[in-house]
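# Breakdown of the fold
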Amino acid sequence: MLQKIQETASFLKGKMHTSPETAIILGTGLGSLANEITEKYEIKYEEIPNFPLSTVEGHSGKLIFGKLGNKDIMAMQGRFHYYEGYSMQEVTFPVRVMKELGIKTLFVSNASGGTHPDFEIGDLMIITDHINYFPEHPLRGKNLYGDRFPDMSEAYDKALIAQADEIAREKGIKVQHGVYLGTQGPTFETPAEYKMFHILGADAVGMSTVPEVIVANHCKIKVFGVSVVTDLGVEGKIVEVSHEEVQKAADAAQPKMTTIMRELINRA
């Protein structure tokens, strides 16, 4: 695995015109943030050695380099999911490559189902912590980087959260805070499952992010995460949900998330 990571990083270094220290992973329906990137150059996943391919509608499958505001960044327009049949090592492979490329801070976004009774569709939830509900752990196997037993007491950087709150106040953007639970999917949750996850302490539920954040912390990369609440798992508010509806709700929330991400990246 380490040889593949280094091989991929070497290939990308040969293509890169900049040396970004900031990376973004754009989730379902949130790929249009890439439109804000200037001076960009793109590499399709299929052109990158050892890279998995994104098979999900709404995930473009491109690695983008350029500037967001005044900062050099790299962005994944589309991520990989456990439910696609990839192993956890494959799902988190890009984060390992980011480590080799010198990334210091990772911004992650996702679409999620809200379980908190105060949440509404379209809310932005700044992730303060997570619950790993996946059946396979991304650090299972040979230890490649960092500690064998990494500390996860601050998986999401508190200083970045405080800065994001300040930006939201300045821009008049409503934000929620909460715990994100990552589960394997690909089914959306039943009402009973939503209720169970809320009892466990989750404010939002999704099918990604947690493995990437675990590996980023293992690699000593700081993390900031945002969930867009695209459907509700709250008793009395549950309606039939589809991937298309999730994308539509994520698209509607895109401008608010873009503002916070852009400002935060430029101030970080």
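The notes below deal with the structure included here. If you're wondering where the values come from, they're calculated on a predicted model, not measured in any experiment.

A few words on a nonpolar patch on the surface. On the surface, a nonpolar cluster with roughly 270 Å² of combined accessible area is contributed by Tyr133, Met196 and Leu200. When you line up the elements, Tyr133 lands in the loop between β6 (124-132) and α4 (158-171). Residue Tyr133 is classed as partly exposed on the basis of its relative accessible area, which comes to 37%.

As a packed pair, helix α1 (residues 2-15) and helix α3 (residues 93-101) sit with axes 9 Å apart at the nearest point and diverge in direction by 60 degrees. Taken together, the axis directions place α1 and α3 in an arrangement best described as oblique. Viewed along their axes, α1 and α3 form a crossing whose handedness is right-handed. Seen from α1, the contacting residues are Leu2, Lys4, Ile5, Gln6, Thr8, Ala9, Leu12 and Lys13; seen from α3, they are Phe93, Arg96, Val97, Glu100 and Leu101.

Following the criterion strictly, the structure yields nine aromatic pairs and no others. Seen from their ring centres, Phe80 and Tyr86 are 6.0 Å apart, and the 75 degrees between their planes marks the pair as edge-to-face. We note that Phe80, like Tyr86, is buried. With a centroid separation of 6.2 Å and 85 degrees between ring planes, the pair formed by Tyr82 and Phe134 is classed as edge-to-face. With Tyr82 in the loop between β4 (71-77) and α2 (88-91) and Phe134 in the loop between β6 and α4, this pair connects stretches of sequence that are 52 residues apart.

Cut-offs used in this document
Residue numbers here run from 1 along each chain, matching the order of that chain's written sequence. The predicted origin of the model limits local features to residues at a pLDDT of at least 70 and limits the giving and counting of side-chain atom pairs to 80 or more, whereas totals for whole chains, interfaces and linings rest on all residues. As a rule here, side-chain values cover all heavy atoms of the structure and leave hydrogens and water aside. Patch membership is restricted to residues that have no salt bridge and whose relative accessible area is over 30%. Joining uses 9 Å for like charges and 5 Å for the nonpolar side chains Val, Leu, Ile, Met, Phe, Trp and Tyr. Residue burial considers only the protein chains on display, and all accessible areas are found by Shrake-Rupley using a 1.4 Å probe. Salt-bridge detection follows one rule: a side-chain nitrogen of Lys or Arg within 4 Å of a carboxyl oxygen of Asp or Glu. Helix and strand assignments come from DSSP, with helices taken as H or I runs of at least 4 residues and strands as E runs of at least 2, each series counted from the N terminus. Note on classification: 1.4 Å probe, protein chains only; a residue is buried when its accessible area is under 20% of the maximum for its type, exposed when over 50%, partly exposed between these limits. Axis definition: a line fitted to C-alpha atoms, limited for helices to the stretch in contact. Angles are taken between N-to-C directions and run from 0 to 180 degrees. When describing relative orientation, an angle under 35 degrees is termed roughly parallel and one over 145 degrees roughly antiparallel, while 65 to 115 degrees is termed roughly perpendicular and anything else oblique. The handedness criterion is simple: a crossing whose near helix is rotated anticlockwise from the far helix by less than a right angle is left-handed, and one whose near helix is rotated clockwise is right-handed. Note on contacts: a residue pair is in contact if any heavy atoms of the two residues lie within 4.5 Å. Only Phe, Tyr and Trp rings are paired, with Trp represented by its six-membered ring, and only when their centres lie within 6.5 Å; those with planes under 30 degrees apart are stacked, over 60 edge-to-face, the remainder tilted.

Purely spatial values, then, with no claim about function.
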